[in-house]
Amino acid sequence: MDKIDVKNLISNPNKLDELLKNATIDSVISYYRFMENITESEKNDNGLRHTIAAFSVRRFSYLFQTYGDGIWHYLLDVIEDYISDRLDEGEFFTPASNNKYLIQLKGSPEEIFRRLYLYFDEISEKMALDKCHMKVTFACGIYDPSGSADSVSEVIKKSTAAMHRASLASSCSTEIVFYSEEIYKSVVRNSIIEQDLCNAVKNNELIVEIQPKYDMKTGKCVSAEALVRWMHPTLGRIPPDDFIPYAEKTGFVIDIDMYVLETICKYMRKWMDSGVNPVTVAVNQSRLHISDPHYVDSVFAMMQEYDVWPNLIELETTESIAFNDYTSVTEILHRLHDYGFILSMDDFGSGYSSLYMLNELEYDELKLDKKLVENINRSDRSIAILRHIVAMAHDINMTVVAEGVETAEQARVLKDIGCDVAQGFYYSYPMPIERFEASVFGKIMSDET
Ligand code: C2E
Ligand code: MG
Ligand code: MG
């Protein structure tokens, strides 16, 4: 790593401005001293262990918002004083950026693990005592570079990658994770996904596949679900579960959903122009649309542009829609209904799906989550639950679709208990739309038809 001259850094206003965006001048100087120190110590002590840990306070935004600026800064002071006071000679510590700290400790990774655990526990106890039971926990990644040829910045990147993995743990407790190649690859992959997502629609990298749904009585394909995939230039095919969460975080999911809807409208138009009876197609809609005041109008405008009847489109939303304000959700669903769209509640029976929501919101279709279907063969209890859900949905005039049907036995039970429509690998995998056209309409249609 290049040696960094702190004085030179300070006299370089552009570089400094960039660094100071999220940090104070003290922390920038401290960071560069840290880098100088470990670079220097690496030079002097050839072969010495330079285990680096990166850590951050978990639930940072929650603590900041709940306890306010003053107590947050108090916590940062406690962390800095506490850790700095416990360093031995040749060990270094610095705040690195907004809510991230770096620490270089001597000893085996296991010893460092124990030391850090103790420090985090003690800081947490102190905060709970001093500040109204404030529960502070940490996400920490440890990387031991001994035996590798890693530069200091690579060591920092790797311990930071392990820290990110620790912060994903579902518990709220302190988590310390040792770096592994698998962690690094997934962090690198995720950061490429996050960075490149904004251009995916513009660069025409998204493709839409379609999975047929079958009427359980007649065995005929009566509808289908559109599912997006991303053909990334270097990472290859990326499934939606790997990028939709980032798209939700950044808001790009709005463009993605509209792109999928437009693709389906174009096909619908083509099918109708070529004289076939189209089947209804479901598109997944993120809950983010609900906060967009123009959502209903833009979806309807799309129908008008391609001259497609809204009753050919099913809009699938999950129970997460209920995280929005109920009044606006009710109003938006009502308006969509008025236009004639079919409304489908996706993934029912897993997560937080509530009966209150079923009562309040005007859905036409209930999609049983694949977790419920997967359990069918395990016990009579799961069949009884499904039977009652199906009966309840029918009582309130909802069609029931089972997703994730993988076996003949599951299909048989679902049919027995009155499920209307089924979707799953047992019947068909998601496929390119051209293949769907050939199998369902019996012909491949050119764009001119
Ligand atoms: P979903 O809407 O519940 O879609 C059904 C998922 O189950 C699809 O996964 C489908 O390939 C998979 N599946 C179908 N049959 C079976 C089966 O028999 N067994 C198993 N194990 N899985 C089956 P996929 O395509 O990976 O999509 C995952 C999720 O990504 C979707 O779940 C949906 O929530 C989201 N998604 C997909 N496309 C879009 C989109 O255009 N917009 C938005 N906002 N979300 C999308
Ligand atoms: Mg769906
Ligand atoms: Mg689903």
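Preceding this section is the structure that the text describes.
Residues numbered from 1 in each chain as written. Chains lettered and ligands numbered in written order. Predicted model: local features only at pLDDT ≥ 70, side-chain atom pairs only at ≥ 80, totals over all residues. Heavy atoms only, no water.

Draft legend 1. The arrangement of the overall build of the chain in detail. Summing up its helical and strand segments, the chain has 16 helices and 15 strands in all. Burial analysis of the chain (449 residues in total) assigns 47% to the buried set. For the chain, contacts bridging at least 24 residues in sequence account for 68% of all contacts bridging at least 6. In the structure as shown, the chain presents an accessible area of about 22500 Å², 50% of it carried by carbon and sulfur atoms. (Helix = DSSP H or I, 4+ residues; strand = E, 2+ residues; numbered from the N terminus. Buried < 20%, exposed > 50% of the residue type's maximum accessible area, 1.4 Å probe, protein only. Contact = heavy atoms within 4.5 Å. Areas by Shrake-Rupley, 256 points an atom, 1.4 Å probe, with all protein chains shown as cover.)

Draft legend 2. Up close: the packing of aromatic side chains. Scanning the entire structure with this criterion turns up 24 aromatic pairs. Ring centres 5.5 Å apart and planes at 45 degrees place the aromatic pair Phe113 and Tyr117 in the tilted group. Here Phe113 and its partner Tyr117 are both found in helix α5 (residues 109–130), four residues apart, which amounts to about one turn of the helix. Using a relative accessible area of 25% as the deciding quantity, one classes Phe113 as partly exposed. By way of ring pairs, the aromatic residues Phe55, Phe93, Tyr101, Phe120 and Phe138 are connected into one cluster. The side chain of Arg86 reaches across the aromatic face of Tyr82, ending 3.4 Å from its centre. (Phe/Tyr/Trp six-rings, centres within 6.5 Å; stacked < 30°, edge-to-face > 60°. Lys NZ or Arg CZ within 6 Å of the ring centre and 35° of its normal.)

Draft legend 3. Representation of the coordination of the magnesium ion (ligand 3) within the structure. Taken together, Asp346 (OD), Asp347 (OD), Glu403 (OE) and Glu403 (OE) make up the full set of protein donors to the magnesium ion (ligand 3), lying 2.0 to 2.4 Å away. Separating the magnesium ion (ligand 3) from the magnesium ion (ligand 2) is a gap of 4.0 Å, which Asp346 spans by donating to each of them. According to the relative accessible area criterion, Asp346 is buried, its value standing at 5%. (Donors = N, O, S within 2.8 Å, 3.2 Å for Na, K, Ca; no water.)

Draft legend 4. Representation of the coordination of the magnesium ion (ligand 2) within the structure. Ligation of the magnesium ion (ligand 2) by protein atoms is provided by Glu225 (OE), Asn284 (OD1), Glu316 (OE) and Asp346 (OD), these donors lying 2.0 to 2.3 Å from the ion. In primary-sequence terms, the residues that donate to the magnesium ion (ligand 2) follow E-x58-N-x31-E-x29-D.

Draft legend 5. Seen up close, the layout of surface pockets. Reported here for the largest pocket is a volume of approximately 1200 Å³. Together, 41 residues line the largest pocket, and Leu227, Asp241, Asn284, Asp346 and Asp347 are the ones closest to its centre. Of all the elements in the fold, those that place two or more residues in the lining of the largest pocket are β7 (221–232), α8 (240–250), α9 (253–273), β9 (280–284), β10 (313–317), β11 (342–348) and α13 (370–374). Tallied by class, the residues present in the lining of the largest pocket amount to 14 nonpolar, eleven polar and 16 charged. Roughly 580 Å³ of internal volume is contained in the second largest pocket. His164, Ser167, Val187, Glu194 and Lys249 are the residues nearest the centre of the second largest pocket, which is lined by 18 residues in total. Among the secondary structure elements, those contributing two or more residues to the lining of the second largest pocket are α6 (152–167), α7 (181–200) and α8. (1 Å grid on protein atoms, 1.4 Å probe; cavity = no way out; pocket = protein on both sides within 12 Å on 5 of 7 lines; lining within 4 Å. Points joined across faces, edges and corners; volume = space filled by probe spheres on them. Nonpolar A, V, L, I, M, F, W, Y, C, P; charged D, E, K, R; others polar.)

Draft legend 6. Seen up close, the sheet that holds strand β4 (residues 138–143). Read from one edge of the open sheet, five strands run β2-β3-β1-β4-β5, paired in mixed fashion. The outermost strands of the open sheet, each flanked by one partner alone, are β2 (92–97) and β5 (175–178). Going from strand to strand, the sheet's axes swing by 20 degrees on average, the running direction of each strand aside. One ladder, built from six bridges, connects strand β1 (residues 52–57) with β4; its direction is antiparallel. Residue Val57 lies in a different strand from β4, and its bridge partner there is Phe138. With respect to the sheet, α6 is in contact with β1, β3 (100–104), β4 and β5, its orientation differing from that of β4 by roughly 140 degrees. (Pairing = 2+ DSSP bridges. Axes fitted to C-alpha atoms, helices over the stretch in contact; angles between N-to-C directions.)

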